[in-house]
Structures are given as C-alpha cells and as structure tokens.
Amino acid sequence: MSGNMNLTLKVWRQKNKDSKGLLETYNVKNISPDMSFLEMFDVLNEELITKGEEPIAFDHDCREGICGMCSMYINGRPHGPKRGVTTCQLHMRSFKDGDTIVVEPWRATAFPVIKDLSVDRSAFDRIIASGGFVSVNTGNARDANNIPIPKDDADTAFDAAACIGCGACVAACKNASAMLFVSAKVSQLALLPQGQPERYMRVQSMVGQMDEEGFGNCTNTGACEAECPKGISLSNIARMNRDYIAAGLGSE
Amino acid sequence: MTSSKIDAKIPGGSLEDKWTTYRSTVHLVNPSNKRNLEVIVVGSGLAGASAASSLAELGYKVKVFCFQDSPRRAHSIAAQGGINAAKNYQNDGDSTYRLFYDTIKGGDYRAREANVYRLAEVSGNIIDQCVAQGVPFAREYGGLLSNRSFGGTQVQRTFYAAGQTGQQLLLGAYSSLQRQVGMGTVKMYTRHEMLDVVTIDGKCRGIIARDLVTGKLERHFGHAVLLCSGGYGNVFYLSTNAMGSNVTAAWKAHKKGAFFGNPCFTQIHPTCIPVSGDHQSKLTLMSESLRNDGRIWVPKKKDDPRKPADIPEDERDYYLERRYPAFGNLVPRDVASRAAKERCDAGYGVGTSKMAVYLDFAFNTKRYGQVEANKRNLHNPSEEEIIRLGKEVVKEKYGNLFDMYEQITGENPYEMPMRIYPAVHYTMGGLWVNYNLMTTVPGLYALGEANFSDHGANRLGASALMQGLADGYFVIPYTIGDYLSEEIRTKAIPTDHEAFVEAEARVQESIDKLMNIRGTKSVDHFHKKLGKIMWDKCGMARNVEGLKSAIEEIRELRAEFWKDVRIPGTANEFNPELEKAGRVADFLELGELMCKDALERNESCGGHFREEYQTEEGEALRDDENYAYVAAWEYMGDSKYELHKEDLKFENIKIAQRSYK
Ligand SMILES: Cc1cc2nc3c(=O)[nH]c(=O)nc-3n(C[C@H](O)[C@H](O)[C@H](O)COP(=O)(O)OP(=O)(O)OC[C@H]3O[C@@H](n4cnc5c(N)ncnc54)[C@H](O)[C@@H]3O)c2cc1C
Ligand code: SF4
Ligand code: FES
C-alpha cells in the first residue's frame, strides 16, 4: 500500500567530518501521505541499496518525538515546516506532490558533521556534566512527600524539563547559540526547592561550559523558540540571565 | 526439580526479612579497594544509568557504553505512562505485600517470589530518590505527589509526569550519570556497540566494543560487566521499541555461557496505533494510562458504517467491561490484547483495515468537565462549556499523547475516539539471573529489561521503570559486593591478554563475513520477513504446527541472509547498515529459540497463549503441575540448546487461576 506523491529531494552528502559535502538530488516516487519523513528516507535508502549505492546516514531512534536523536534541517527549518514537531513525527501529508525538499544537517561549529545528516552533539552532554544536576547520591533522599512543591512551580519546571536535547534551537539560531537548551535545564532546577543549594554555582558552570564549546551569543531573535519541537519558552532564557547576573553579584 | 546447573541464591529467612538480612550481612568492599575495581556497564537506560552513577558514587571505576549519540537517548526515554511504588499516599490500602501480590498474580505465577518482594520493598525509595534529583512528577494543588491507576491493580500507585514519565526519570538518572562523568569517576563511550563479552578462566573480564563512528574495535577490561541493554521486542520488526533496540549484547553473552530465561514471554500491548501501510517502520504506543479515562468498545453490529459518534450507547459493545466487570478497562495487558484480537477476528473491528477497536474519551471528558465546572463555581454551564473544560483536563493529563496520535493518524482524538490495536511492546524474557542479578557467567550481570527476573509471564504497566531503577539504584550496589569482595586481589588484566585478542579476532571475522556477502537484499528485507513469521506464529496466539513451521522458516531465512544480504560501504566508517545487519543476524538466532521455548511450554500463561490450552471462556489455562518453572536455556552450538529448569515455589501467595472478573 504505497501512495502517489512524487518528490525531488536535495540531500546533503558528506563522507566524514574532514571531507567536503554537497547537495545531491534524488527522486522518490509513490510516497504515501501517511508515511513519516524518516519512513520516506527509509524508502529512498532501500532504493539506493538495491541500486548498489550508499544509503544516506541520519540519526534517529525512538521515532516518537522524545529521544531527540533525529535532526534534519528541512527547507531551511530544523525539523521541517510544522511547529512543535520533530523530524520523526513530521508526516508526508505536510508536503504536496511535486515538491522539492532540501535536507541538510544541523549546522554549527559546536556540532561537527559525522556523516551526511548525522552530527556530533556531545557538547550538550558536557554542558550537563558541568552542572545540570542536583548533587544527591543514591540513598540520600528523604520521603518524597516531605518536599511539597506548589503545583504551578512543578508544572513550570516540568515544561522546562520537556527539552529533548535535540539541538534544533542551535540549528535555528544565526549565531548557533545554545541558550535555549541550557536555560531549560537551569530553569527546571531553579524552579524547584531541590535545585536551590547549587542554583547559582550551576548557572555559572553551565554557561561557562557552553562558551567553551564554541556556541554563539544570544541576540534575542527568538528563532530558537519558534523552532523548538517541545515549545521551550524564551522566558527560560530570561530566568537564566537573571540568575547569572545574581550569581555574578554574589561571587564578587 | 531445579537443574543443578543453576542456583537462584535466594537468601533464607521469611519473605519480609530476606532483603534486610541480606543487606546487613553481604560482604562489603572497603573504599580504598573500590578505587581499584573496574565495572563496565553496557547501556545507559534507566537500569544502566542508575547502576553506573550509584556504583561510581560508591567509589568504583566505571565505564558506560551506549550506541546512541548520548546516554540520554536510551530507549527508556520513550516510556510514557508512569512508575509504580507502594507508597500508599492515597491511603487506598496499598502496601509492599499488595504490590508483591499484584505483580506475582499479574505475571500469572511465573516469577520468583523473593525478587518480586524485594522490588516492592525498594519501590518507595525510588520515588524519593527521583524527587530529590528534581524529577518533576505530577502534583496536586496541595503540592503533594499525584497518582493514577494502571492495569491489573485496584489501588492508585502510579507516579507520573504527564505522558513523559520515562523521559523525566531517565533525565534524572542521566544527570546523576553526567555528574559522575564530570567528576571523572565514569568514563562514557557513546556511539559504541558491545559486540562480545570476554571471559577468562570462566569469569567475565571485559568486552569487545565497536566505535560506531570510526568502525574500530576496542578491548575493555572490567572486574565485572553489567548488561543493561534493554529488551528484544524488535525481533518482531514492528514493535513500540526504538529502532535501535536489539538483543545483541544479551545474545553474545548467551553464546558465551549465560542462560536465557523464558525467551518466549513477550508482552503485546493492547493500545497502540494500528499499522497504516507497508512503509511502517515502527508502532507507536498509546500509554496504558489512557485506559484510566478511555473506554474501549466496538460496534455491536458487524461492519457498522456509521461514524463512532453516531452509534448510540446501546449499540456499542464495551467488551472489557462486559467480560471483566471487576477490573473493566483496567484488566492486565495480555487479557486486554487477547480480547481485542478476539473481537477483530470475529469481524467487529473498526477502521479501514478492520483491525482496530475504539478507545473513547468522550464519557470521561464530560465527567471531568462537570467536576471542573463545580470547582470553578460555574452554575448551569452549557454542554459545550462542560466539554471545553473537560478537554482542558484531558489535555493536561495526556496532551503529548493526543498530539502524537494526531500527528501520526491525521485524526483529532479530542473529537473522535482513537483507533487502537495490540502491538509488541516488551519482553519479560531475558538473561537468566540469580537473586544477585548475576547471570550463569560469574562476574556478568543483567539488569533492567535485559534480564528475565520480575515479571513472570506478563508485566504489569508502570513496573518496568520501577524494576530498572530498583536494579540500578538499590539492588546492584549491594549485590555486586558479594562478588567483588572476592576480587580485590585481581589486578586489572591487560587487554593484550590472549582472551581479548581472540575475542576481538572473532568479532572481526564475523564483521568481515557480513561485509563480504555482497548479496542483493537489504537488511530490512530480512528483518521484515522475520518479523512476519514471529508475529504470525509466535505472537498473540501460538500453536504446535505454527511454531514448528516457524522454526523451519527461520532457519531457511537465516541461511538466505548469510548468502544474500547486501551491506553497502565499508566496516571502518560510520555504517548504520552494518550495525543493523549484526543485530538482525542475532535476531535470526533468537527467534528460533523463542519458538522453541514456546513449543516446549505446553500451557498458556500471561502473554504466552497456546491455543491448545484455554478455558471454555477463552482464558489462558495454566498447568502449574508441570510448568511452574523458569525455562533457562543453555547455548550448545548452532541451533542447539539445552533446557534447565528453575522450579518456582509459592510460599507466600496462594496460587490460583487468575481472575479479573
Ligand atoms: C513506548 C514505550 C512506553 C513505555 N512506557 C512504560 C511505562 O509507562 N512504564 C513502565 O514501567 N515501562 C514502560 N515501558 C517499558 C520500559 O520503558 C522499558 O522496559 C525500560 O525503559 C527498559 O530500560 P532499560 O534500562 O532496561 O533499557 P533501555 O532503556 O532500552 O536501554 C538500553 C541501553 O542499552 C544500550 N545498548 C543496547 N545494546 C547495546 C550494545 N550492544 N552495546 C552498547 N550499548 C547497548 C542502549 O544504547 C541503551 O543505552 C515502555 C516501553 C515502551 C517501548
Ligand atoms: S530547547 Fe528545544 S530545540 Fe533546543 S534542544 Fe531542547 S527541545 Fe531541542
Ligand atoms: S527519533 Fe527520537 S525524537 Fe525523533
């Protein structure tokens, strides 16, 4: 049961991080509107393999919009044209028969290309390792209901915690800034009582690590928020900036 | 009688005291020795991340491996509905014993009592730990934690974070893990795949891993190795698991001497989005929590052409409520799945394929709307107002799931019922482990979904997250001491030891063999075929003829794979097709063992439904006389396996036919 859409794809091909890449053109036929964007790539790859060509490498795992692994820059927009949707949850009914679709990897100095559409986002892990946690060893915790948390705070913290670490915010930003990602984690913990003891130290270390990784500055254009598949709000950046300033004052 | 080759090492004493006594008498390793002991953890999901961070906190030197680009992307991230714990915060009669009882019964009396009791005992600590880490669980207006119900229980003991519980728990464990990475006590290897375990003098001493970016093989030594590599539901090709979930780590261990427990126990989840076409690459779960508020039905009339909203109440068959009045829509998964299959097979299915049933929220949306209107002191609200308010409540509870449903199907579940059908979801089977979570290979452990231990023949919803975190945070930090306290004199073994050299050579050989086939068909081609055989013959219903023919078909398919698979590119670069090929090669062996296990078990229990063994009402018919055991399979060479049995004793629970009526 296949469909009847025929599309032209221009896809970034790059052998490895040291080689130069280029856009290659492919035609795909009989695409069903019920396919996901990645399933359309599966169809293309199957064809390439049958023809004896190399399939296109791309990252993906859950295909449910939650692991943050998929990462395609589609027609100039990270995760494609729909708001609030990851590449794996984008379906072909969002496109029309005859469309030309350009697919590139995330582009940022801090995210070097590994191959084709796969990039290295380990900078994000290092930022979390620099302070994105509460220092509590296993077994140190007291009864969970001993820490009542106002529902509104819990809900706002949860909204920030919904970040999937995909990096679309960086890819969307003309400066390749990681502020939205970093502020989401900083905010989540700053909003909760558990996060208070390390609150100011955390923001300083994480921002420090972010700068070290080579992400750009934030100039408040808001492209990150518009492209974030999880609706992470710009207000997190404002909150982080306040904490960062407060931390600076405190330490001087 | 239990085979002499396995010893579950269950501590003595009464059920309630076993774990406490064990913990206070188990051998310890002193802090200065811990620094010299190295532990390898394969997997960074809930089990792996929690184990690795806890062991590093204790002072062990830890290395963690995962095949994704970040430990935060392990498949646990996708868990939706919730995590159980016997906190009794709702004051509704919950207790350690009740959670134990529900789990043993839910598992259709095929799990080990001592392990399950321990799981129930530590469940509360998990919630405490996660909250301390900053996991934003759902809360009530009073600021305290909220609970919901899951299938197979009559209390509310499930903690949750909207439909993203796994994500929030994993991010908690991941942040603890990254904290240790930052401190240098854990070394993280992302985009690495373990391809063999290395044994020296009968003990596990390390692994061979492939760097997936460069293709280089690496040797890593460890005094102990923990496999936290997840479940193998993808043997069916289509499942709710992430695309990369696989059996390779467990299977390689199996071939090195670790017995495989109950391989045929697979969980088919009742509420998933139905298959929409041949292009389908995976199936998407709609969390069990939806059954709290959604009612399942089909039309009473076959091929009813009307829209669901136009079918009046008395022409709908709420078949779960009809068949199981005591538990209704909240019967366990195996029961709900079979009931859906029964209705569809009988011709009452809905949608274009007729292989779906409705999951309808209209009733509860209205109920919530009314409650909300009362809360807000709205007098005489209109029907529309009530529905609008109700939808808000439903959105807060399940918003992300509803959005996902709409993305995938193009239909709005706030306006019309979801169409759902069962799909492969979880594997209760896995590496056989003793009470210490050690496999039959000394020094090799299995945690989380990768082991067979706690769920018997059917897992209750929200219990996998609980088990993964129990194993990692609260069990292994103690039980590993029992082994490592004997290893303090073992110096790190250099990886030029012949056992490492040999193991690496064998892995290289098998990669070369795959690359050199240069056949004509893609890996997916074989994977899809295997999946179809498994689903048709070793899926929701199984019988002797089907299983026998499945074994033959799998053997043929495997032979064809090794003659005709095509893997493009080379082995010394980033090559996702090669990764898939290795995994499918292992699935092609595992599939056969699953069928063999299903064939051997002449009874129906939990998710294992043998058509020959059912009651008149179509319920699973267990045979406790002959099959109250764990099947632990030993690998004896190509397609040869020997069965060892671990007898299950039920001393603290009355074994009975499971009834949810
Ligand atoms: C869609 C969905 C929803 C679910 N919802 C719930 C729920 O609400 N409640 C509940 O209790 N359970 C739920 N489950 C089940 C639960 O999520 C899993 O059983 C559990 O998360 C498994 O955790 P794990 O740590 O054992 O393995 P995983 O999280 O699967 O992690 C496996 C790890 O092993 C690594 N790995 C595997 N093989 C190798 C290898 N060869 N080399 C290196 N690394 C390797 C992977 O990279 C990964 O890091 C759900 C499952 C699914 C599919
Ligand atoms: S903030 Fe949004 S875009 Fe950025 S990593 Fe998180 S989820 Fe992705
Ligand atoms: S593949 Fe996991 S978010 Fe897209």
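What counts, and where the lines are drawn
- Residues numbered from 1 in each chain as written.
- Chains lettered and ligands numbered in written order.
- Predicted model: local features only at pLDDT ≥ 70, side-chain atom pairs only at ≥ 80, totals over all residues.
- Heavy atoms only, no water.
- Near = heavy atom within 4 Å.
- Polar contact = N/O pair within 3.5 Å; in protein donor to acceptor, adjacent residues only side chain to side chain.
- Areas by Shrake-Rupley, 256 points an atom, 1.4 Å probe, with all protein chains shown as cover.
- Helix = DSSP H or I, 4+ residues; strand = E, 2+ residues; numbered from the N terminus.
- Nonpolar A, V, L, I, M, F, W, Y, C, P; charged D, E, K, R; others polar.
- Pairing = 2+ DSSP bridges.
- Expected span 1.5 Å × (residues − 1).
- Domains from an automatic or database assignment.
- Contact = heavy atoms within 4.5 Å.
- Buried area = accessible area lost by both parts, 1.4 Å probe.

Before going further, it helps to examine the site of ligand 1. Close contacts around ligand 1 come from 39 residues, with Gln 68, Ser 76, Gly 81, Met 194 and Glu 449 of chain B the closest. In this structure, ligand 1 is bordered by residues of chains A and B. The contact in question runs from an oxygen atom of ligand 1 to an N or O atom on the backbone of Leu 46 of chain B, over 3.1 Å. In this structure, an oxygen atom belonging to ligand 1 sits 2.6 Å away from a side-chain N or O atom of Glu 449 of chain B. When ligand 1 is considered free in solution it has 1000 Å² of accessible area, and contact with the protein chains removes 98% of it. Elements with a contribution of two residues or more to the shell around ligand 1: helix 3 (46–58), strand 6 (192–200), strand 15 (418–427) and helix 13 (464–484) of chain B. For the shell around ligand 1, the element with the highest residue contribution is strand 6 of chain B, accounting for three residues. In terms of residue class, the shell around ligand 1 is made up of 17 nonpolar, 18 polar and four charged.

With that settled, consider the site of ligand 2. All names here are of chain A. In the region of ligand 2, 13 residues are neighbours, and Cys 163, Cys 166, Gly 167, Cys 169 and Cys 228 sit closest. Taken together, the elements giving at least two residues each to the shell around ligand 2 come down to helix 4 (168–172) and helix 5 (179–190). Residues that form the shell around ligand 2 fall into these classes: 11 nonpolar, two polar and no charged.

Let us now look at the sheet that holds strand 12 (residues 295–299) of chain B. Residues and elements named next belong to chain B. Taken in spatial order, the five strands of this open sheet run 11-15-14-12-13, and their pairing is antiparallel. The two strands at the open ends of the sheet, each matched to only one other strand, are strand 11 (266–272) and strand 13 (316–317). Sheet analysis places strand 14 (residues 357–360) next to strand 15, joined by three bridges and oriented antiparallel. By the bridge assignment for strand 15, Val 357 is matched with Ile 420.

This paragraph deals with helix 6 (residues 165–183) of chain B. Between its first and last C-alpha, helix 6 of chain B extends 27 Å over 19 residues, near the 27 Å set by a 1.5 Å rise per residue. Of the residues trailing helix 6 of chain B, Gly 184 of chain B is marked for its positive phi of about 85 degrees.

Residue and element names in this part refer to chain B. By domain assignment, chain B separates into domain 1 (270–424) and domain 2 (496–627). Using C-alpha coordinates to define each centre, domain 1 is positioned 34 Å away from domain 2. Each partner contributes residues to the interface: domain 1 has 11 residues there, and domain 2 has 10 residues. Across the domain 1 to domain 2 interface the summed buried area is about 760 Å²; carbon plus sulfur atoms make up 58%.

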